[in-house]
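As a plain string of letters, each chain reads:
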Amino acid sequence: VDYLMMMSYDQSGGHHSEYKWGNKMIDQGAAILPAQQVAAGLPFYGKNFVSHRVVSRSSDILAVPCAGRHDTDGNWVTYEDIVQQHAPLPAEVDQVKSNDDGGRPSTLGFNGVATIEKRTSYAAAKIGKLLVMSTTMKDRNEHSKLSLT
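Calculation rules
- Residues numbered from 1 in each chain as written.
- Predicted model: local features only at pLDDT ≥ 70, side-chain atom pairs only at ≥ 80, totals over all residues.
- Heavy atoms only, no water.
- Core = buried A, V, L, I, M, F, W, Y, C linked by side-chain atoms within 4.5 Å.
- Buried < 20%, exposed > 50% of the residue type's maximum accessible area, 1.4 Å probe, protein only.
- Contact = heavy atoms within 4.5 Å.
- Pairing = 2+ DSSP bridges.
- Helix = DSSP H or I, 4+ residues; strand = E, 2+ residues; numbered from the N terminus.
- Axes fitted to C-alpha atoms, helices over the stretch in contact; angles between N-to-C directions.
- Parallel < 35°, antiparallel > 145°, perpendicular 65-115°, else oblique.
- Left-handed = near helix turned anticlockwise from the far one by under 90°.
- Nonpolar A, V, L, I, M, F, W, Y, C, P; charged D, E, K, R; others polar.
- Phe/Tyr/Trp six-rings, centres within 6.5 Å; stacked < 30°, edge-to-face > 60°.
- Lys NZ or Arg CZ within 6 Å of the ring centre and 35° of its normal.
- Expected span 1.5 Å × (residues − 1).
- Arc of directions from axis to C-beta.
- pLDDT = per-residue confidence, 0-100.

**Let's talk about the nonpolar core**
Counting residues in hydrophobic clusters, the biggest one holds 9 residues: Y79, I82, V83, L89, V93, V96, L108, F110 and V113. In contact with L89, other than residues within four places in its own chain, are Y79, I82, V83, V96 and F110. Counting 8 residues, the second-largest nonpolar core is a separate cluster that includes M6, M25, A40 and A123.

Right, here's the structure in full:
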């Protein structure tokens with residue numbers, strides 16, 4: 001094996017890329033191979049999931065994670081679109097209220113700037129490599145998460 005490139009996102013059963021889940025994947029990869037052979041992918045998009053419990057700090061932004069399930073539509077939203085649709089979007093926010101393609105209330109889960117910073121630091125300490133699966137999902141404004149790396 002030259003490299004193990006792990007998608008530390010697309011988790012099922014709720015938020016698709018929780019911080020703890022991404023760290024668990026990094027730890028598992030580093031336990032199997034030498035750290036220099038492990039790379040972790042970062043999500044630059046969000047996915048809807050239907051939440052069963054909503055705790056809000058304002059009308060748009062959720063303050064705590066919600067248990068839930070992914071929508072079956074499989075759609076994702078770029079981070080750029082999330083920022084534009086929910087501005088101003090604080091750096092520590094990782095989910096917002098949304099509607100799925102069928103118009104049903106849901107939660108859009110993603111990694112905000114603060115979470116990407118934490119994930120980057122964790123990966124740097126454990127494995128030292130990150131990857132971005134698609135630059136077409138790169139956000140192109142002052143809130144760009146790619147500027148962190």
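**A few points about the sheet that holds strand β1 (residues 4-7)**
Taken together, the 3 strands give an open sheet; going across it, the order is β1-β2-β8, and neighbouring strands pair in parallel fashion. The open sheet terminates on both sides in strands that have one partner only, identified here as β1 and β8 (130-131). Two strands pair when backbone bridges link them, and strand β2 (residues 38-41) and β8 are joined in this way by 2 bridges, in the parallel orientation. Along β8, the bridge assignment pairs A40 with L130. In the packing of helix α1 (residues 19-32) onto the sheet, contacts are made with β1 and β2, and the angle to β1 comes to roughly 165 degrees.

**Quick notes on the packing of α1 against helix α3 (residues 113-126)**
α3 packs onto α1 with a crossing angle of 15 degrees between their chain directions and a minimal axis gap of 10 Å. In terms of their interaxial angle, α1 and α3 are classed as roughly parallel. Read as a crossing pair, α1 and α3 show a hand that is right-handed. Contacts between α1 and α3 involve Y19, G22, N23, I26 and D27 on the former and, on the latter, T115, K118, R119, Y122, A123 and K126. Of the residues that constitute the contact of α1 with α3, the class distribution is 4 nonpolar, 3 polar and 4 charged.

**Section: the packing of aromatic side chains**
Counted according to the given criterion, the structure contains 1 aromatic pair. Between K118 and the ring centre of Y19, over which it is positioned, the NZ or CZ distance is 4.4 Å.

**Description of α1**
For the α-helix, the turn length of 3.6 residues means that residues three or four positions removed from each other point alike. With 14 residues, α1 ought to run about 20 Å at 1.5 Å a step, and its terminal C-alpha atoms sit 21 Å apart, in line with that. Listed in full, the buried residues belonging to α1 are G22, N23, M25, I26 and G29. For α1, the arc enclosing every buried residue in end-on projection is 155 degrees, short of the 170-degree limit, so these residues lie on one face. Residues of α1 that are exposed and point over 90 degrees away from its buried face: K20, A31 and I32. If you follow the buried residues of α1, they end up packed against β1, β2 and α3.

**Some points on the environment of G46**
Relative to the elements of secondary structure, G46 occurs in strand β3 (residues 45-51). Taking the C-alpha atoms as reference points, G46 and T78, 32 residues apart in sequence, are found 6.3 Å from one another.

**A closer look at α3**
Between its terminal C-alpha atoms α3 stretches 20 Å, which fits the 20 Å expected from 14 residues at 1.5 Å a residue. Along α3, the positions that sit buried rather than exposed are V113, T115, I116, R119, T120 and A123. When α3 is viewed along its axis, its buried side chains cluster within an angular range of 155 degrees and face the same direction. Against α1, β2, α2 (79-85) and β8 lie the buried residues of α3.

**Here's the deal with the confidence of the model for the protein**
Mean pLDDT over the protein works out to 75, with 68% of the residues at or above the 70 mark. Highest mean pLDDT in the protein belongs to α3 (92); lowest belongs to strand β4 (residues 68-70) (42). Here residues 52-72 scores under 50 on pLDDT; set against residues more than four positions off or in separate chains, the count is 63 contacts.

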